[in-house]
Amino acid sequence: MNWKTWLIHHGRQLGTLAGLLALGLALTLSSPYFLTVSNLLTVLEQVSINAIVAVGMTVVIITAGIDLSVGSILALSGVVMATVLQQQLPVPIALLVGLGVGVACGMVNGLLITLGRLPPFIATLGMMSVARGGALLFTEGRPVSGFSDGFRALAGSQVWVIPMPTVIMLGVYVLAHFLLTRTRFGLYAYAMGGNEQATHLSGINVRLNKTLVYGLSGLTSAIAAVILTARLNSAQPTAGMTYELDAIAATVIGGASLMGGQGTLVGTLIGALLMGVLRNGLNLLEVSSFLQQVIIGGVIIVAVLVDMALKTDKK
Amino acid sequence: MKTQNLTRCSLGYAAAGTLAAGLILTSGCHRGGPDADRDGQPRVALVVKTLNSPFFLDMRRGAESAARELGVNLIVQAAERELDVERQMQIVENLIQTRVDALCLTPSGSKELVPVVRKANRAGIPVLIVDTRLDEATVRNDGAHTACFIGSDNYEGGRIAGTHFGTLFTNQADLVVLEGIPGHETADSRVRGFRDGIRPFPHLRIVASQPANAERDQGFNVMQNMLQAQRGIRGVFAGNDMMALGALEAIRAAGRTDQIRVVGFDAVDEARREIAAGTMEASVAQNPEGMGRLAVETAVKVLRGETVPEYIPVAIELITRPGS
């Protein structure tokens, strides 16, 4: 592949990256605290949760679906895992149980969509409420807190200087990127989003693969729950509210199309970083939380407007 | 054609980025920029739970007026939603990056914010806790350190409200309780105080007690359900005024304003108006403005190296209709 085709292939991500760099430059000029190693590491740590949730969201959106239940699944798997941790069982067992809950909820979403023929919006809207209610029932509304140092190291330790949540995030991205670009499962995900009927007719098991896609989204929500729980030293049944919106925003800013068939994890990672840098920068500049919401909403709208304009151009 | 698209694409994004950048530059300039130690003034941050509640707006007003008098560069920030503990943690982390001189914090989670208080400790930033206490055991276990706690005794406030019902109703009366966010130190203390407050009055009975998460619409919904389930409700105690005002609406919608007396907590302006109009019974006043003022004043003392008491109480009183 020569550089020209490479550029054409990655033009969309390069565009988002250019946006991120422009933002970084502006913040460097306007705040003396932005461009420091410790601040950038703080941002990398802060974006990890949203970025990991956005991995599953990206794959779901590539199949032309949506997953509104990620925040609730995060809360449910978090409180279940935390409760297991408090039984003094080994950390790996608690992690497996927590991740298992996430995958199970995701698979239920997938089955409702494939076998039950529910639109993804409705199926995951239902799960959003069921998992949230489940988390509240399970804990009677109270947070589950206080864990071993070994577990808390999953958020509080560093590899060299890189915070552990960032290391986990990068690991998840490398694995998921491989899955999406180098395996059949990845190919099928794009195919299902491009034309589900054609995919089905070419002999691909759409039901199975789609169910797995939602299972993967449940899994990444649960991984995010591990980091959040370790970071706060507490699992809250109310955790993760509106996280689905942040994940959708990162995915869409990163170039995925809600119509399906399009999107990359590199783009999503840049999208998540853009949102994280924006939030961090607005705090450093002492911008009020109300104005922050306006600015972040504006960035999402502009990103998609640009995208839409380009697509009509191509037609 | 494709390369042209590509150029357009990148241009479009660069434009979007520049727009965001421009917004940031202007908002930065607009506020004069957060220059370190402008004119040698100490920079004090006040991080509250949310700024969409009158209680915290009053707290900010008190802090701002103290900051003006004492020549303090005050930064007030909050998460969009009171339940968003992680966001509040991020805000504190970001403020640590700007090397504020002191941090006043009303924690959204009594245990959850302890790790970030520890981060501030490591950065050498003194932390003053305002309004909501941190969980003492967690603070001890984590080796975190706070300079002091400034706030009122929420337990005592709940108890005053309970006693008020005891004297208000002379006959048998059924009461319901709208609790705040479960597991929250403030919310729990208020309800605990209320239960202890009505204990000396055997004619009072709590027939239902449910969380409405400190929110107005939830207060409305939970109250509406309680009105369906419990026919003989005479009094409502709500863990904050937002829930009380929501409950008041539900009672009004059911046409039972005359029969049911509502006592809230925080005495926000809207609640005070309802009390003056006679539609609401009372509200426990916490003086958030005084809390904000004391927070800044105490932060300045800490920065001067003066010793401050571990607990700085802020007076608490029951606001009722004059002459009632």
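All of these numbers come straight from a predicted model, not from anything done at the bench.

With that settled, the discussion passes to the overall build of chain A. Assigned secondary structure in chain A consists of 13 helices and four strands. In terms of C-alpha radius of gyration, chain A reaches 19 Å, essentially the compact-globule figure of 20 Å for 315 residues. Expressed along its principal axes, the backbone C-alpha trace of chain A runs to roughly 60 × 55 × 35 Å. Pairs at least 24 residues apart make up 78% of the contacts formed inside chain A by residues separated by at least 6 positions.

Across its full length, chain B carries 11 helices and 12 strands. Per-residue burial over chain B gives 56% buried out of 324 residues. Considering only contacts within chain B whose residues lie at least 6 apart along the sequence, 76% involve residues at least 24 apart.

For the rest of this paragraph, the subject is the sheet that holds strand β9 (residues 261-265) of chain B. Two orientations exist for strands paired in a sheet by backbone hydrogen bonds: parallel and antiparallel. All names here are of chain B. Strand order in the open sheet made by the six strands is β7-β6-β8-β9-β10-β12, with mixed pairing throughout. Pairing within the sheet leaves two strands with one partner each, and these edge strands are β7 (204-211) and β12 (317-320). Going across the sheet, the axis of each strand differs from the next one's by a mean of 20°, ignoring polarity. Pairing of strand β6 (residues 173-179) with strand β8 (residues 233-238), which is carried by five bridges, proceeds in the parallel orientation. Each residue of the ladder has a partner; that of Asp 174, found in β8, is Ile 233. The sheet contacts of helix α7 (residues 185-198) involve β6, β7, β8 and β9, and relative to β6 the element is tilted by about 170°.

Looking now at the nonpolar core. Where a protein is soluble and globular, its nonpolar side chains tend to be buried together. Formed by 195 residues in total, the largest nonpolar core has its most connected members in Val 44, Leu 103, Cys 104, Leu 128, Ala 247 and Ala 295 of chain B. Two domains each put at least three residues into this core: domain 1 (38-152 + 288-315) and domain 2 (154-285) of chain B.

Detailed reading of predicted coordinates is not advised where the pLDDT is low. Residue and element names in this part refer to chain B. Considering every residue of chain B, the mean pLDDT works out to 88; 87% of them sit at 70 or more. Counted against residues more than four places away or in other chains, residues 1-9, with its pLDDT under 50, gives 14 contacts. In this model, residues 28-37 is a region of pLDDT below 50 whose contacts with residues beyond four sequence positions or in other chains number 14 contacts. With a pTM of 0.83, the predicted complex shows an ipTM of 0.88.

Residue and element names in this part refer to chain B. Of the two faces of strand β10 (residues 282-285), the one carrying Ala 282 and Val 284 and the one carrying Ser 283 and Ala 285 are both buried. Where β9 lies against β10, three bridges are found, and the strand directions are parallel. Considered in β10, the bridge of Gly 264 is made with Ser 283. Handedness of the crossover joining β9 and β10 through helix α10 (residues 269-277): right-handed. Two strands pair when backbone bridges link them, and β10 and β12 are joined in this way by four bridges, in the antiparallel orientation. Bridged to Ala 285 within β12 is Glu 317.

On to the domain arrangement of chain B, then. Residues and elements named next belong to chain B. As far as domains go, chain B holds domain 1 (38-152 + 288-315) and domain 2 (154-285). One C-alpha centre belongs to domain 1, the other to domain 2, and the line joining them spans 29 Å. Taken together, the contacts link 10 residues of domain 1 with 11 residues of domain 2. Residue classes in the side of domain 1 that touches domain 2 are distributed as three nonpolar, four polar and three charged.

This part takes up the sheet that holds strand β5 (residues 148-151) of chain B. All names here are of chain B. Reading across the sheet, the six strands line up as β2-β1-β3-β4-β5-β11 and stay open at both edges, with parallel pairing between neighbours. Strands with a single pairing partner mark the edges of an open sheet, and in this sheet they are β2 (73-79) and β11 (311-313). For this sheet the average axis-to-axis angle between neighbouring strands, irrespective of direction, equals 20°.

Bringing helix α2 (residues 37-62) of chain A into the picture now. At Ser 48 of chain A, α2 of chain A is deflected by roughly 40°, the largest bend along its length. With 22 of its 26 residues buried, α2 of chain A lies for the most part within the structure.

The next thing to look at is the packing of α2 of chain A against helix α7 (residues 164-182) of chain A. All names here are of chain A. Between α2 and α7, the shortest axis-to-axis distance is 8 Å and the interhelical angle comes to 20°. Taken as axis vectors, α2 and α7 run roughly parallel relative to one another. Judged by the twist between their axes, the crossing of α2 over α7 is left-handed. Facing Leu 44, Glu 45, Ser 48, Ala 51, Ile 52, Val 55 and Val 59 of α2, the residues of α7 in contact are Pro 165, Thr 166, Ile 168, Met 169, Val 172, Tyr 173, Ala 176 and Leu 180.

Residue and element names in this part refer to chain B. The residue Asp 131 is not glycine, and still its phi comes out positive at about 70°. Looking at the secondary structure, you find Asp 131 in the loop between β4 (127-130) and α5 (136-142). In this structure, Ala 267 takes a positive phi of about 50° despite not being glycine. With respect to the helices and strands, the residue Ala 267 is situated in the loop between β9 and α10. In this structure Ala 267 comes out as buried when scored by C-beta crowding, with 24 C-beta atoms within 10 Å.

A word on the packing of α2 of chain A against helix α11 (residues 243-253) of chain A. All names here are of chain A. Packing of α2 against α11 brings their axes to within 8 Å, and their N-to-C directions diverge by 65°. On the basis of the axis angle, α2 is roughly perpendicular to α11. As for the relative orientation of α2 and α11, their crossing is right-handed in sense. Judged by residue contacts, Asn 50, Ala 51, Val 53, Ala 54, Met 57, Thr 58 and Ile 61 of α2 engage Tyr 243, Asp 246, Ala 247, Ile 248, Ala 250 and Thr 251 from α11. Across the contact of α2 with α11, the residue classes break down as nine nonpolar, three polar and one charged.

How each quantity is defined
- Residues numbered from 1 in each chain as written.
- Chains lettered and ligands numbered in written order.
- Predicted model: local features only at pLDDT ≥ 70, side-chain atom pairs only at ≥ 80, totals over all residues.
- Helix = DSSP H or I, 4+ residues; strand = E, 2+ residues; numbered from the N terminus.
- Rg over C-alpha atoms; globule rule 2.2 N^0.38 Å.
- Contact = placed C-beta atoms within 7 Å.
- Buried ≥ 20, exposed ≤ 12 C-beta atoms within 10 Å, placed from the backbone.
- Pairing = 2+ DSSP bridges.
- Axes fitted to C-alpha atoms, helices over the stretch in contact; angles between N-to-C directions.
- Core = buried A, V, L, I, M, F, W, Y, C linked by C-beta atoms within 7 Å.
- Domains from an automatic or database assignment.
- pLDDT = per-residue confidence, 0-100.
- Right-handed = clockwise from strand over helix to strand, strands pointing away.
- Nonpolar A, V, L, I, M, F, W, Y, C, P; charged D, E, K, R; others polar.
- Bend = angle between axes of the 7 residues up to and from the residue.
- Parallel < 35°, antiparallel > 145°, perpendicular 65-115°, else oblique.
- Left-handed = near helix turned anticlockwise from the far one by under 90°.

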